[in-house]
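# Coordinate inspection notes
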Amino acid sequence: MNTTTQPLSVNWNNVARVSKTTPTLQVVVNPLIRPESPIHDNVFAELSALQADFVRFAPWFPYPRLGVAELEAPSGGTTSWDFSLIDPMVEDFEKATRGHATILNFSTIPQWMWEPRPWIVSDGRLLVAGGPNGLSNAGSSWTDYTFTADVTPLRTGVHGSSTSAQAGLLVRMGDTFDGYGFLLSNYPYSSPAASGYIVFVNFSAGGVTALNAAELPFAVTGATTYHVEITVSGATLTVSVNGATVYTINDSTWAEGKVGFREANPESAYFANVKVTAPDGTVLLSDDFSDGLSRWNLPQRGALTSDPDAIDFSYSGGRTLQVPVEMVADYYRRVVSWYTAGGFVDEYGKFHESQHHYDLPYWGVLNEMEHGLSPQLYTQLYDAIVTAIREVSPQTKFVGLALGNAAQLDYFRYFLDRANHAPGVPLDMISYHYYARASGADTVDTYGPNTFRGADSFIATVAEIESVREQLAPQVRTTIDELGTILTSAATQLNPAPIPDGYWNYSGAIYAYVFANLALQGIDVIGESQLVGYPGQYPCVSMVDWNTGLPNARYRVLQLMLEEMRPGCKLVPVARGVVPGQFYALGIRGGNDLKILLVNKTNSDVTIQLAGITGGKARAVDQTSAGGPIRTDPLRDDTYTLGGYAVAFVVLPEQ
């Protein structure tokens, strides 16, 4: 379908703001950026080609050997400091971004500094708060049975810009890594989000091989109790909630195994009145937790895998910091000293030499409140870490918060209040994240209509945050250092659903649209997430093909924004002609140059009338150019056809 719009009207004298917003990206540490990776050279060549400022380098918890330099606690005069796997990636990153300010964000505190919060009995119920799967002691040979429990999910989950309540029950688990799970949830698995879901999960070797979210005819509400019944009979698995059947699936992967519970950090839920019954009515397990947890094999912190490339989403377990805050700060002081001061002295007085003397413009302090940090504890850690790092790198500036849920305004109010910080601790920059989420049920045609409204909600949230920042700390700058899209059918599954080609253009359109609207609010830095993802580790957020390391349309959109919308340009809202549900337009003035940013929010072509563009040109990323070079087209009349999910700058002829 091709739609022709009313003529656009731009009053070029109506400048809303001089942009100070820098387009950039984040580079997440994973095996595909290691020197051994077959796409390593292409990935770093493409990173270097962008010549972007404020690129964020983010080692994070699913790869502990690639992001944590001290994996074991010091003991008996011996330490475990080891940068041998980390250094090559840092060195390649520094080389590719030389001459540009960067943000290093070693976000993961070593796990040995945390006390795993075990399952506990509270008021006659089992409270599960994060951690690995836990299973019944008995049941390894159980085949057909019914598993029932009273389930109370708590709204402690944090996912992107939303909070959620989610409770997981497990059946036919051969061990903690293999079997079936069913989640009672209000996490937004689809767009627009439903108020409740049953989610089927097939676990294999610690990963997820299948995930299917079915909408419920009722809402799932945090702190509300539901009676859940799961029956496994042959290949048929059936779930009932409060007496009504809500889900049935046929799957023959697992024939026998135990029952259990699953809550991923920082999710939590209560479970009570647990029973497992055989088809003949024999009670195989009954537990009201009156005698503790004797019938259960409690989840334990798993042994660290020797494979540095293995994905381990359990590494961030633990809710209670079991070492002084100062010890966490000392860890980061030593990491920074390794990279800026040629080495460091360890806990037993031994000097470890690195010969690194990098400049460190910015350091990001932690990420997305791993371990469920409160505003108070996060701020305490921030102050201690910043103070320690300044001892060895006094010129470094700092990025705080890195919130996954931007709607948590209490974090901004507390952190930005100078009264809550130690004297002399700088507040330089804050950060937070946003991902538009499309479900597996969406198609290329529905991605945009179902998710741009959520992007508008995030843009409104940013205005609220800006109000808090202006009131409490107007000198503090802001980076949205993770902006992207997530396709729930291609997230952490080891064998994700195929990603349609048009998805990459849709994702680029989301970035361009949010970028333009946040530039109008004066946000300083907006980073696309992320350079490389791959199956098992969010392939849907990748900016390059994980098989070749070459760009997709998301990369090309960032390249286009870098070339056409640098800080210093003047932003001019379009007065008339925009169809809000169909496309977005923003005038850009740079000296005597006039151009219009156009973003198609749908998968249909739209022909746009723009008086005075004849003789100009259009630079576009669309589904024809895809991940190839940005296309430049001459404009021979006063119309321009914007392809589905295309991002284009229409450049007017010289005035």
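Attention in this report is confined to the structure presented alongside it.

Here is what the cut-offs are and how they apply
Residue numbers restart at each chain and count upward from 1, following the sequence in its written direction. Confidence filtering applies because this is a predicted model: local features only for residues at pLDDT of at least 70, side-chain atom pairs given and counted only at 80 or more, and all residues used for totals across whole chains, interfaces and linings. Calculated side-chain values reflect all of the structure's heavy atoms, with hydrogen atoms and water omitted. Counting from the N terminus, the helices are DSSP H or I runs at least four residues long and the strands are E runs at least two residues long. Our radius of gyration looks at C-alpha atoms and nothing else; its globule reference is 2.2 Å times the residue count to the power 0.38. The classification of residues rests on relative accessible area computed with a 1.4 Å probe and restricted to protein chains. Under 20% of the type maximum is buried, over 50% is exposed, and intermediate values are partly exposed. What makes two residues a contact is simply this: any of their non-hydrogen atoms within 4.5 Å. Areas reported here follow the Shrake-Rupley algorithm with a probe of radius 1.4 Å; residue values treat only the protein chains shown as occluding. Lys and Arg are tallied as positive, Asp and Glu as negative. Neither His nor the chain termini are counted. Each charge is placed at NZ for Lys, CZ for Arg, CG for Asp and CD for Glu. How far a helix is expected to stretch is found by multiplying one less than its residue total by 1.5 Å. What we call the bend at a residue is the angle made by axes fitted to the seven residues finishing there and the seven residues starting there. Here, nonpolar core refers to any group of buried Ala, Val, Leu, Ile, Met, Phe, Trp, Tyr and Cys residues whose side-chain atoms link them within 4.5 Å. Stacked, tilted and edge-to-face are the three classes applied to pairs of Phe, Tyr and Trp rings, where Trp contributes its six-membered ring and a pair requires centres within 6.5 Å; stacked means planes under 30 degrees apart, edge-to-face means over 60, and tilted covers the rest. Site definitions follow a grid-based scheme: protein atoms alone, a 1 Å grid, a 1.4 Å probe that fits but cannot get out for cavities, and for pockets an open set with protein on both sides within 12 Å along at least five of seven lines, plus lining residues having an atom within 4 Å of a point. Grid points are joined across faces, edges and corners, and a volume is the space filled by probe spheres set on the points. Three residue categories are used. Nonpolar comprises Ala, Val, Leu, Ile, Met, Phe, Trp, Tyr, Cys and Pro, charged comprises Asp, Glu, Lys and Arg, and polar comprises the others, including Gly. To obtain each axis, a line is fitted to C-alpha atoms, and for helices this fit is confined to the stretch in contact; angles are then taken between N-to-C directions over 0 to 180 degrees. Put simply, a crossing is left-handed when the front helix is turned counterclockwise from the back one by less than a right angle, and right-handed when it is turned clockwise. With respect to orientation, any angle under 35 degrees is reported as roughly parallel, any angle over 145 as roughly antiparallel, any angle of 65 to 115 as roughly perpendicular, and every other angle as oblique. Only one rule defines a salt bridge in this text: a Lys or Arg side-chain nitrogen within 4 Å of an Asp or Glu carboxyl oxygen.

Moving on, we come to the overall build of the protein chain. Across its full length, the protein chain carries nine helices and 39 strands. A compact globule built from 655 residues would reach a C-alpha radius of gyration of about 26 Å, and the protein chain, at 26 Å, matches this within 12%. Across its three principal directions, the C-alpha atoms of the protein chain cover 85 × 65 × 50 Å. The buried share of the protein chain, reckoned over its 655 residues, is 59%. Taking contacts inside the protein chain between residues at least 6 apart in sequence as the whole, the part at least 24 apart equals 73%. Within the structure as shown, the protein chain displays about 23,800 Å² of accessible surface, and the carbon and sulfur contribution to it stands at 49%. Computed over 40 positive and 64 negative side-chain charges, the inter-centroid distance for the protein chain is 7 Å.

This part is about unusual backbone geometry. Glycine aside, residues mostly have negative phi angles, and peptide bonds mostly take the trans form. Look at the link from Ser529 to Gln530: it is a cis peptide, with omega at 0 degrees. The residue Gln530 is located in the loop between strand 31 (525-529) and helix 9 (553-564) in this model. In this structure, Asn273 takes a positive phi of about 50 degrees despite not being glycine. Mapped onto the elements of the fold, Asn273 is located in strand 21 (residues 268-277). At Met369, a residue that is not glycine, the phi angle is positive and equals roughly 50 degrees. Note that Met369 resides in the loop between strand 27 (362-364) and helix 5 (375-392).

With that out of the way, let us pick up helix 7 (residues 444-472). Since one α-helical turn is 3.6 residues long, residues separated by three or four positions face the same way. For helix 7, which comprises 29 residues, the first-to-last C-alpha distance of 42 Å matches the rise-based estimate of 42 Å (1.5 Å per residue) to within 8%. In the structure, helix 7 departs most strongly from a straight axis at Thr451, where the bend amounts to approximately 30 degrees.

Next up on the list: the nonpolar core. In this structure, Phe57, Phe106, Tyr332, Trp363, Phe412, Tyr432 and Met565 are the most contacted members of the largest nonpolar core, which totals 137 residues. Top element by residues in this core is helix 8 (residues 501-519). It accounts for 13 residues. What Phe57 contacts, discounting residues up to four positions off in sequence, is Val27, Val29, Ile33, Met89, Val90, Phe93, Ile103, Leu104, Asn105 and Phe106. Residues Trp119, Tyr145, Tyr226 and Tyr247 belong to the second largest nonpolar core, which totals 39 residues.

Turning our attention to the packing of aromatic side chains. One pair of aromatic rings is described through two measures. These are the centre distance and the angle between the planes. For the coordinates displayed, the defined rule picks out 46 aromatic pairs. Considering the side-chain rings of Phe261 and Trp296, the 5.3 Å spacing of their centres and the 45 degrees angle between planes classify their relative orientation as tilted. Taken together, the residues Phe261 in strand 20 (residues 258-262) and Trp296 in strand 23 (residues 296-297) connect sequence positions 35 residues apart. In this structure, Phe261 and Trp296 share a single accessibility class: buried.

In the structure shown here, the tally under the stated rule is three cavities of 30 Å³ or more. Every residue lining the largest cavity is listed: Ser107, Thr108, Ile109, Trp114, Leu366, Asn367, Glu370, His371 and Leu373. Here the lining of the largest cavity is built from residues that sort into four nonpolar, four polar and one charged.

Moving on, we come to the packing of helix 1 (residues 40-50) against helix 3 (residues 87-96). One can describe the packing of helix 1 onto helix 3 by two numbers: an axis separation of 9 Å at closest approach and a directional angle of 35 degrees. In the crossing of helix 1 with helix 3, the sense of the turn from one axis to the other is right-handed. Contacts between helix 1 and helix 3 involve His40, Phe44, Leu47 and Ser48 on the former and, on the latter, Met89, Asp92, Phe93 and Ala96. Residues of the contact of helix 1 with helix 3, tallied by class, amount to five nonpolar, two polar and one charged.

Packed helix pairs are characterised by how far apart their axes lie and by the angle those axes make with each other. The geometry of helix 8 relative to helix 9 is characterised by a closest axis approach of 7 Å and an angle of 30 degrees between their N-to-C directions. In terms of axis orientation, helix 8 runs roughly parallel to helix 9. Regarding helix 8 and helix 9, the two cross each other, and that crossing is right-handed. The segment helix 8 lies against helix 9, with Trp504, Asn505, Ser507, Gly508, Tyr511, Ala512 and Phe515 engaging Ala553, Arg554, Val557, Leu558 and Met561.

What follows concerns the pattern of salt bridges. On inspection of all chains with the given rule, the structure shows 21 salt bridges. A salt bridge links Glu482 to Arg56, with the nearest nitrogen and oxygen atoms 2.7 Å apart. Of the two residues, Glu482 sits in strand 30 (residues 477-487) while Arg56 sits in strand 4 (residues 55-58), which places them 426 residues apart along the sequence. Among the residues examined, Arg56 registers a relative accessible area of 2% and is labelled buried. Ionic pairing is found between Arg554 and Glu528, a salt bridge with its closest N-O pair at 3.7 Å. Taken as a pair, Arg554 in helix 9 and Glu528 in strand 31 lie far apart in primary sequence, 26 residues in all.

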